[in-house]
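Okay, here's what each chain looks like letter by letter:
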Amino acid sequence: MQNGLASYSQQRYELRITAFQTNTIVNITVLGGIFKQNLTSSAGTTISVALPESVENRGSLTFSNSVHVTSNKPINILSLNHRFRSAETSIVYPLDNLGTTYYLITPKQGSTGSYKAFSVIASKEDTSVDIYLKGVVEFKGLKYPANSVLTVRLAAFEGIQLLSSDDLSGSKVKSEKPVAVLSGHTCAIKNTQCSHVFEQLMPVDLWGKSFYVAPFSFQTKSDIVFIVAAGNTEVSYDLGTNERSISMVDGQVQEIEMPGETLSITASSPIQVMSFNTGGTVRRFNYNPSIMNILDTGSYCSSYYIYGQRDIDNYAIIIAKNVSVNGITFGGLRLKNPVWQQIHGTDYMWLQYYFGTSFISNMVQHPTDSFGLQSIGVGVQFSYGSPGSCIK
């Protein structure tokens, strides 16, 4: 997706690919023939693959330079979209996880010359896509106002990127066949300087009803949690010890400020939850915004891969039941001096666990029990956030 301004330097687009089994053969192709690489990986090994600068799309357009990755055995993928002081990561989900209905989340505030942004990419079949817009979008010389529908037909693995000055949160993407959807902002800003933020979204049929969101110890202001409903839904949430409820309708977006307290959310129907790290100051340096999906408790796994980034402080956020905390290992070792905190009114605890400043992948697991995991990091004018990559 479009990252910041064209003048931003030090472009770097990477895939971090982790294999689970020996002799895993991975093929990476940028459609249109501009890039192709084949590699063989062993179990537990993470390989970084640098992509050409031409994979970035700028402006509202259709594109055919999507990156297609196949393998003979299961793998995990993390993507990195980097420019100078404007970078973000996202888990790349397999085609089996794609769906036909999505709702966008685009943080409101950005720097001058930046836009709310999203991309839709067709899967293995061509498909018609209807986009029910909450804000104005211009595409191919036409202006589509708020509350209009933009319809486009995409060939297999073809995509469309759309930019807007308006908030597009709550806009619905509906397709005939499964698609991938990425949503965010070319350069979102809140407390510090702006940064590109994006996530690959989960389709509605993979949403959940129960969520826990833990605060970041280094945030001295407030982060923001977005909740999106796909229909009439009763949502209750506890912020610390304060209980509230709200009735939501299709496409409604609720924003909740998190000033350093744990957030518990339950809903009568599946919802989408995303955390927006608004940026801040830690140890006299500023870090920029990022966003990440929050997994519902029904999607927790017993084993994950987590990725650290180079030259920044990397943390794991672990959310587990009280009876499970002592069995969780990090990189095959017991957690070192963990400081678990109870989530009020529940049998869950949470932990912020520091794991260094290196480009590294680690396996985090429990022998029997499922738990939640997020990967976050902060550095000088940089931050990232992604859910842990589940090992099925």
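No experiment lies behind these values; they were computed from the predicted model shown.

1. Description of the UniProt feature "domain: IgGFc-binding protein N-terminal" (unreviewed entry) in the protein
The feature "domain: IgGFc-binding protein N-terminal" (unreviewed entry), as given by UniProt, occupies residues 89-377 in the numbering adopted here. Annotation note: span residues 89-377, helix share 0%, strand share 55%, distance between end C-alpha atoms 10 Å.

2. Focus on the state of the cysteines
Counting across every chain of the model gives 2 disulfides. A sulfur-sulfur distance of 1.7 Å marks the disulfide that ties Cys301 to Cys390. Between Cys301 and Cys390, the S-S dihedral sits near -110 degrees, and the bridge is therefore left-handed. Of this pair, Cys301 sits in the loop between β26 (290-293) and β27 (303-308) while Cys390 sits in strand β36 (residues 389-390), and the two are 89 residues apart along the sequence. The same class applies to Cys301 as to Cys390, namely buried.

3. Considering the pairing of strand β20 (residues 233-239)
Going residue by residue along β20, you find Thr233, Val235, Tyr237 and Leu239 tucked away on one face and Glu234, Ser236 and Asp238 left uncovered on the opposite face. Sheet topology note: the β20/strand β21 (residues 242-248) ladder contains 7 bridges and is antiparallel. Each residue of the ladder has a partner; that of Ser236, found in β21, is Ser245. Here β20 hands over to β21 after 2 residues, with Gly240 in that stretch at a positive phi of 70 degrees. With 5 bridges joining them, β20 and strand β23 (residues 263-277) adopt antiparallel strand pairing. Looking at the pairing, Val235 lines up with Ala267 of β23.

4. Points about the pairing of β23
The element β23 is largely enclosed, with a buried count of 11 among its 15 residues. Taken together, the 5 bridges between strand β18 (residues 208-213) and β23 define a ladder with antiparallel strand orientation. Looking at β23, one finds that Tyr212 is bridged to Ser264. Two strands pair when backbone bridges link them, and strand β19 (residues 223-229) and β23 are joined in this way by 6 bridges, in the antiparallel orientation. Within β23, the residue paired with Ala229 across the bridge is Ile271.

5. Considerations on the pattern of salt bridges
Following the criterion strictly, the structure yields 11 salt bridges and no others. Residues Lys177 and Glu125 are paired through a salt bridge, measuring 3.4 Å at the closest nitrogen-oxygen approach. Taken as a pair, Lys177 in strand β16 (residues 172-188) and Glu125 in the loop between β10 (116-122) and β11 (127-132) lie far apart in primary sequence, 52 residues in all. When its relative accessible area of 43% is taken as the criterion, Glu125 is described as partly exposed. Residues joined in a network through salt bridges with shared partners are Arg12, Glu14 and Arg16.

6. Considerations on the environment of Thr186
Along the chain, the position of Thr186 falls in strand β16. Judged by its relative accessible area of 0%, Thr186 is buried. In the structure, Thr186 is positioned 175 residues away from Ser361 in sequence and 27 Å away in space, judged by C-alpha atoms. Discounting residues that sit within four places of it in the chain, Thr186 has contacts with Gln2, Asn3, Gly4, Ser86, Ser114, Tyr115, Ala117, Leu163, Ser195 and His196. A polar contact is formed between the side chain of Thr186 and the backbone nitrogen of Tyr115, at a distance of 2.8 Å.

7. Some points on the sheet that holds β27
Reading across from one edge, β30-β29-β33-β27-β36 is the order of the 5 strands in this open sheet, with antiparallel pairing throughout. In this open sheet, the two strands that pair with only one neighbour each are β30 (333-334) and β36. Across 6 bridges, β27 lies against strand β33 (residues 360-365) in antiparallel orientation. Within β33, the position partnered with Tyr305 by the bridge is Met363.

Definitions and cut-offs
Residues numbered from 1 in each chain as written. Predicted model: local features only at pLDDT ≥ 70, side-chain atom pairs only at ≥ 80, totals over all residues. Heavy atoms only, no water. UniProt positions renumbered as here; feature names shortened; annotations may be inferred. Helix = DSSP H or I, 4+ residues; strand = E, 2+ residues; numbered from the N terminus. Disulfide = S-S within 2.5 Å. Buried < 20%, exposed > 50% of the residue type's maximum accessible area, 1.4 Å probe, protein only. Pairing = 2+ DSSP bridges. Salt bridge = Lys/Arg side-chain N within 4 Å of Asp/Glu carboxyl O. Contact = heavy atoms within 4.5 Å. Polar contact = N/O pair within 3.5 Å; in protein donor to acceptor, adjacent residues only side chain to side chain.

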